[in-house]
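Each chain is listed here by its residues.
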Amino acid sequence: MQAVPIAKNIWWVGAIDWTARHFHGQTYTTQRGTTYNAYLILDEKITLIDAVYGPFAGEMIQRIRSVVPAEKIDTIIANHIEPDHSGALPELLKFCPNARIYGSERAGQGLEHYYHQKLNFQAVKTGDLLSLGRRTLRLIEIPMIHWPDSMMSYLVEDQILFSNDTFGQHYATSERFDDEVPQETLMEETGKYYANILWPFGNLIAQRLAEIEKMAIPIRMIATSHGLSWRKDPWKVIEAYKRWSANETKPKIVVVYETMYGSTAKMAGKIVEGISDAGVPFKLYDIAQTDRTSVIYDMFDAKAYIVGSSNHDGGILPNMVSFMEFLKGLHPKNRIGCAFGSYGWSGVAIMKLEAILKEAGVAIVHPALSVVYAPDDAQLTACYELGKKVAALVQKG
Ligand SMILES: [Fe+2]
Ligand SMILES: [Fe+2]
């Protein structure tokens, strides 16, 4: 396992997780795997920026050893303590136990809670400069993007922004840079990452991006902690983040449902027929058959959500419950929607769906539509009309 040079005396020493299909437990489907990026800077101080997920410690250490003995590392920057970036630290510290770790104050506290060992830790804050010898690191805290400890590091002389999770993608490739992969795939994975992980922090992201712009630091490269780094056009991803953090929507509707015997599916079919006849773009998903990460990515720019479930044991079907709880946590703003579904003797599921939509911040624009057992012709017409109504509202903007 060799290190990959990204600039003079700066190396990528991360790990490629080709087989990962889930991330954050089961909450994120990594269809293309992922990478954990760590970087080694050779200067008077031998510096490691971030580490990798614990099971990949050996791969990172091997890549470090292809450049310099791991024992020589004396400086570690912990931009973010989440285990996908700090998990390998205990293993690495066996070789360089005296290395000083720099991170935000919250990072110091968090590392103690995670690893329960004495660390040579020094807290830093925005604006602090750390001399590595001929090079200087400027530290930029970005709390709650996406954890309280989160930070970026900017290498002044080389104009490289080590952005950690921000601007990254879950995308395992043998390539390391944006210009080496298909742009469409790169932007899709970057967008999926933003929608599924960073969406709730849009306002903060907009603020921090404005602060970084105010710093007027020239950025030649953004070295991320997942997937590809941006060397061809780092501003492409910054501009994309600016657009995304503005939370703009398109006239588009996403219909998501789960069904037991097909009645709720039949309703969904009629709803999208109404939407289609109104000429509004839409997507239709059975959540039991689809990975949540892609559905959320589709919902990210959609103005309206119509959600359905059959009633089951006095509640929503399990895949749909899980999906709705995840959606609620993303706090989509400026969206409209409504609920539908079928039941036998208790229509609680449909009311619950509507309640979760409200809790998520979605404005309800049509009363929940429910049918007993299976929809009749009149009820299917009502579904069609519901689709048309929401489509008309979406077109109005
Ligand atoms: Fe993270
Ligand atoms: Fe991460």
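Residues numbered from 1 in each chain as written. Chains lettered and ligands numbered in written order. Predicted model: local features only at pLDDT ≥ 70, side-chain atom pairs only at ≥ 80, totals over all residues. Heavy atoms only, no water.

## Concerning the domain arrangement of the chain
Next up, step 1: The domain architecture assigned to the chain consists of domain 1 (4–245) and domain 2 (253–392).
Next up, step 2: Between domain 1 and domain 2, the C-alpha centre-to-centre distance is 38 Å.
Next up, step 3: Carbon and sulfur atoms supply 63% of the area that domain 1 and domain 2 bury against each other, a total of about 1400 Å² over both sides.
Next up, step 4: Three residues, N196, W199 and P200, lead the burial of domain 1 against domain 2; their summed loss comes to 47% of the area buried on that side.
Next up, step 5: Counting across the interface, domain 1 meets domain 2 through zero salt bridges.
Next up, step 6: Taken together, the connections running from domain 1 to domain 2 amount to four residue pairs in polar contact (both at pLDDT 80 or more).
Next up, step 7: The dominant element in the side of domain 1 that touches domain 2, judged by the number of residues it contributes, is helix α5 (residues 183–198), at seven residues.
Next up, step 8: In terms of residue class, the side of domain 1 that touches domain 2 is built from seven nonpolar, seven polar and two charged. (Domains from an automatic or database assignment. Buried area = accessible area lost by both parts, 1.4 Å probe. Salt bridge = Lys/Arg side-chain N within 4 Å of Asp/Glu carboxyl O. Polar contact = N/O pair within 3.5 Å; in protein donor to acceptor, adjacent residues only side chain to side chain. Helix = DSSP H or I, 4+ residues; strand = E, 2+ residues; numbered from the N terminus. Nonpolar A, V, L, I, M, F, W, Y, C, P; charged D, E, K, R; others polar.)

## Some points on the coordination of the iron ion (ligand 2)
Next up, step 1: Coordination of the iron ion (ligand 2) by the protein comes from D84 (OD), H85 (NE2), D165 (OD) and H226 (NE2), over a distance range of 2.1 to 2.2 Å.
Next up, step 2: For the iron ion (ligand 2), the four donor atoms are set out with angles of 83 to 171° between them, so the coordination reads as irregular.
Next up, step 3: All donors of the iron ion (ligand 2) belong to a single chain; written as a sequence motif, their spacing is D-H-x79-D-x60-H.
Next up, step 4: In this structure, the iron ion (ligand 2) lies 3.5 Å away from the iron ion (ligand 1), the two metals sharing D165 as a donor. In this pair, D84 is assigned in helix α2 (residues 83–86) and D165 in the loop between β15 (160–164) and α5, connecting sequence segments 81 residues apart. Of the two residues examined, D84 and D165, each falls in the buried class. (Donors = N, O, S within 2.8 Å, 3.2 Å for Na, K, Ca; no water. Tetrahedral: all angles 85-135°; square planar, octahedral: opposite > 155°, others 65-115°. Buried < 20%, exposed > 50% of the residue type's maximum accessible area, 1.4 Å probe, protein only.)

## Re the side chain of E82
Next up, step 1: In this fold, E82 is placed in the loop between β9 (75–77) and α2.
Next up, step 2: Polar contacts involving the side chain of E82 include one to the side chain of H24, which spans 2.6 Å.
Next up, step 3: Leave out the neighbours within four places in its chain, and E82 touches H24, H146, W147 and D165. (Contact = heavy atoms within 4.5 Å.)

## Side note on the sheet that holds strand β2 (residues 10–12)
Next up, step 1: Taken in spatial order, the seven strands of this open sheet run β1-β2-β7-β8-β9-β10-β11, and their pairing is mixed. Strands at the two margins of the open sheet, each flanked by one partner only, are β1 (4–7) and β11 (121–123). Neighbouring strand axes in the sheet, compared pairwise and without regard to direction, differ in orientation by 25° on average.
Next up, step 2: Summarising the sheet, strand β8 (residues 46–49) and β9 pair through three bridges and their orientation is parallel. In the sheet register, T47 faces β9, and the bridge partner there is T75.
Next up, step 3: The strands touched by helix α4 (residues 105–115) within the sheet are β10 (100–103) and β11, with β11 carrying the most contacts at an inclination of about 150°. (Pairing = 2+ DSSP bridges. Axes fitted to C-alpha atoms, helices over the stretch in contact; angles between N-to-C directions.)

## Observations concerning the packing of aromatic side chains
Next up, step 1: Counted under the stated rule, the structure contains twelve aromatic pairs.
Next up, step 2: Aromatic pair Y194 and Y241: ring centres 5.0 Å apart, planes at 90°, arrangement edge-to-face. Taken together, the residues span a long stretch of sequence, with Y194 in helix α5 and Y241 in helix α7 (residues 234–245) at a distance of 47 residues.
Next up, step 3: Assessed through its relative accessible area of 0%, Y194 is described here as buried.
Next up, step 4: Taken together, the ring pairs connect F167, Y194, W199, Y241, W244 and F300 into an aromatic cluster.
Next up, step 5: When the ring centre of F95 is taken as reference, the NZ or CZ atom of R65 above it lies at 4.7 Å. (Phe/Tyr/Trp six-rings, centres within 6.5 Å; stacked < 30°, edge-to-face > 60°. Lys NZ or Arg CZ within 6 Å of the ring centre and 35° of its normal.)

## Examining α4
Next up, step 1: Within α4, the full set of buried residues consists of A107, G108, G110, L111 and Y115.
Next up, step 2: Elements that come into contact with the buried residues of α4 comprise α2, α3 (89–93), β10 and β11.

## Focus on the sheet that holds strand β14 (residues 151–155)
Next up, step 1: Strand order in the open sheet formed by five strands is β12-β13-β14-β15-β16, with mixed pairing between adjacent strands. Each edge of the open sheet carries a strand with a single partner, namely β12 (129–131) and β16 (221–224). Between one strand axis and the next, the sheet turns through 25° on average, direction left out of account.

## Examining the nonpolar core
Note that soluble globular proteins tend to have their nonpolar side chains buried in a common cluster.
Next up, step 1: Formed by 92 residues in total, the largest nonpolar core has its most connected members in M60, I64, I73, L92 and F167.
Next up, step 2: Both domains that furnish three or more residues to this core are identified here as domain 1 (4–245) and domain 2 (253–392).
Next up, step 3: Setting aside chain neighbours within four positions, we find I73 in contact with L40, I46, L48, I64, L92, C96 and A99.
Next up, step 4: Core analysis: the next-biggest nonpolar cluster, separate from the first, contains 23 residues, Y39, I160, F162 and A172 among them. (Core = buried A, V, L, I, M, F, W, Y, C linked by side-chain atoms within 4.5 Å.)

## Digging into the pairing of strand β19 (residues 302–309)
Next up, step 1: For β19, the tally of buried residues reaches eight of eight residues, placing the bulk of the element in the interior.
Next up, step 2: Both strand β17 (residues 250–258) and β19 contribute to a ladder of seven bridges, which runs parallel. Bridging across to β19, V255 finds its partner in I306.
Next up, step 3: In the sheet, β19 pairs with strand β22 (residues 336–343) via five bridges, with the strands oriented parallel. When the bridges of β22 are listed, G308 appears paired with F340.

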